[in-house]
Amino acid sequence: MSEFPSSSGTRRLTLRRPDDWHVHLRDGALLQAVVGHTARQFARAIVMPNLKPPITSVAQARGYRERILSALERSAGAEAAARFTPLMTAYLTETIEPAELERGHAEGVFTAAKLYPAGATTNSDAGVRDLARITAVLTCMERIGMPLLIHGEVTDPAVDIFDREAVFIERHLKPLLERHPQLKVVLEHITTADAVRFVEQGPATLAATITPHHLHINRNALFQGGLRPDLYCLPVAKREQHRLALRAAATSGNPKFFLGTDSAPHLRAAKESSCGCAGIYNAPYALESYAQVFGEENAIDQLEGFASIHGPRFYGLPLNPDTITIEQNTPDPDGAGLPALLELANGTDQPSRLVPFHAGEQLSWRVL
Ligand code: NCD
Ligand code: ZN
């Protein structure tokens, strides 16, 4: 990472181009509306398979990968599409065949597989109810070196929603790691000090992604002056002590923690509803959002490791050869801030209306 002042004297940083190790790109019109935001900043992205129906076969993943690249070509041009690599994941069900995963991995289609406990989050109904039913799948992944990505929350309605991650670690993750000591596991979008500690103390085969929103908000933000559906996601934001633990972990330089935005767009109408969807759309300013946190923690020198190095090292993939430059914004007390609503072209007559994370705020960095 190198630093040069810009002509106006503000800080300017050049870092290796980052990757997003957890993103929801959706499909159809919404895909076309959002994919350019991710590809603008990130060279590669681990694409979540929770479509309807979920991505459970090699053929579906190939088709989805083609739709992603052609949507990007339509929205941002052929050059943007040539620079971006979607890394596909398989959605684990209780009936998926190990042979299908193994073939997809060997053919370079499936980079990883995603475990959703059934009912834990958006489009997770086809997920796994009983981990014992996927033992053969996990054994196969362990043998071929295919990472398992986990949405780590129990679905037991008797467990308080704010405790579901910590309980998952004790009830399911610990025994799973003992049963599969060679399996590479990413605990996705961690939200608690418990998860930070567990990953720090866990085996070298265990890592975690951290989202920008869990670094910025605690659970109070959901109720700030009224109900804030745009800040509702799963796992839900926790108490301040947990946010502080996540900030310490992300900025520590520990290679077990890396960038995964969990950008999860839902149309404004689906968020502002009597039963609003879970998911925060942070892709438009994701790198800026992380840079703000690293700056506030006096750890901007750790941003490159978190954003661009720890992830590929864990996955066993090459680092990106090219770079990206961010520049510090001069604060503007009269400035309007970021747009409150995005109306994104998507190839239909109606634009996709989405509220981005940091709507109306000013951020201290921007991608050049
Ligand atoms: C995600 C979505 O909308 O697909 N929602 C979310 O709140 N993060 C699903 C998920 O990752 O849990
Ligand atoms: Zn997600």
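Reference entry: report on the structure contained in this document. (Residues numbered from 1 in each chain as written. Chains lettered and ligands numbered in written order. Predicted model: local features only at pLDDT ≥ 70, side-chain atom pairs only at ≥ 80, totals over all residues. Heavy atoms only, no water.)

### Describing the overall build of the chain
Of the regular secondary structure elements, the chain holds 12 helices and 14 strands. A compact globule built from 368 residues should have a C-alpha radius of gyration of about 21 Å, and the chain, at 19 Å, falls within 12% of that. Oriented by its inertia axes, the alpha-carbon framework of the chain measures out at about 60 × 45 × 45 Å. Out of the 368 residues belonging to the chain, those deemed buried represent 55%. Counting every atom, the chain has about 15,000 Å² of accessible surface; 50% of that belongs to carbon and sulfur. Averaging the locations of the 36 positively and 41 negatively charged side chains of the chain gives two centres separated by 1 Å. (Helix = DSSP H or I, 4+ residues; strand = E, 2+ residues; numbered from the N terminus. Rg over C-alpha atoms; globule rule 2.2 N^0.38 Å. Buried < 20%, exposed > 50% of the residue type's maximum accessible area, 1.4 Å probe, protein only. Areas by Shrake-Rupley, 256 points an atom, 1.4 Å probe, with all protein chains shown as cover. Lys, Arg positive; Asp, Glu negative; His and termini not counted. Charge placed at Lys NZ, Arg CZ, Asp CG, Glu CD.)

### A closer look at the site of ligand 1
The environment of ligand 1 is formed by 15 residues, the closest being R26, N50, T121, L234 and D262. Contacts to ligand 1 include R26, whose side-chain N or O atom sits 2.8 Å from an oxygen atom. In this structure, A278 approaches ligand 1 through a main-chain N or O atom, which is 3.1 Å from an oxygen atom. Here ligand 1, which alone exposes 320 Å², has 100% of that area covered by the protein. Its residues assigned to classes, the shell around ligand 1 shows four nonpolar, nine polar and two charged. (Near = heavy atom within 4 Å. Polar contact = N/O pair within 3.5 Å; in protein donor to acceptor, adjacent residues only side chain to side chain. Nonpolar A, V, L, I, M, F, W, Y, C, P; charged D, E, K, R; others polar.)

### Topic: the pattern of salt bridges
For the structure shown, the criterion picks out 20 salt bridges. One salt bridge in this structure joins D322 and R17, with 2.8 Å as the shortest N-O distance. Separated by 305 residues along the polypeptide, D322 in the loop between α12 (303-315) and β11 (323-328) and R17 in the loop between β2 (11-16) and β3 (20-23) bring together distant segments of the chain. (Salt bridge = Lys/Arg side-chain N within 4 Å of Asp/Glu carboxyl O.)

### So, the pairing of strand β4 (residues 44-47)
On any regular strand, side chains alternate: one points to one face of the sheet, the next to the other face. Going residue by residue along β4, you find R44 and I46 tucked away on one face and A45 and V47 tucked away on the opposite face as well. As defined by bridge partners, β3 adjoins β4 across two bridges and the pair is classed as parallel. Paired with D20 across the two strands is A45, which belongs to β4. For the handedness criterion, the β-α-β arrangement of β3, helix α1 (residues 28-41) and β4 is classed as right-handed. Where β4 meets strand β5 (residues 85-91), four bridges bridge the pair, whose relative direction is parallel. Bridge pairing links R44 to T85 in β5. (Pairing = 2+ DSSP bridges. Right-handed = clockwise from strand over helix to strand, strands pointing away.)

### Some points on the packing of aromatic side chains
For the structure on display, the rule yields eight aromatic pairs. Taken together, a centroid distance of 6.0 Å and an interplanar angle of 40° make the contact between F258 and F314 tilted. Here F258, found in strand β10 (residues 257-259), pairs with F314, found in helix α12; they are 56 residues apart in sequence, far enough to count as distant. F314 shares its class with F258; the two are buried. Measuring from ring centre to ring centre gives 6.4 Å for F258 and Y315, while their planes differ by 65°; the resulting arrangement is edge-to-face. Here the residue F258 occupies a position in strand β10, and Y315 occupies one in helix α12, the gap between them amounting to 57 residues. For the residue pair F258 and Y315, the accessibility class agrees, reading buried in each case. Three or more aromatic residues joined by ring pairs make a cluster, and in this case those are W21, F258, F314 and Y315. (Phe/Tyr/Trp six-rings, centres within 6.5 Å; stacked < 30°, edge-to-face > 60°.)

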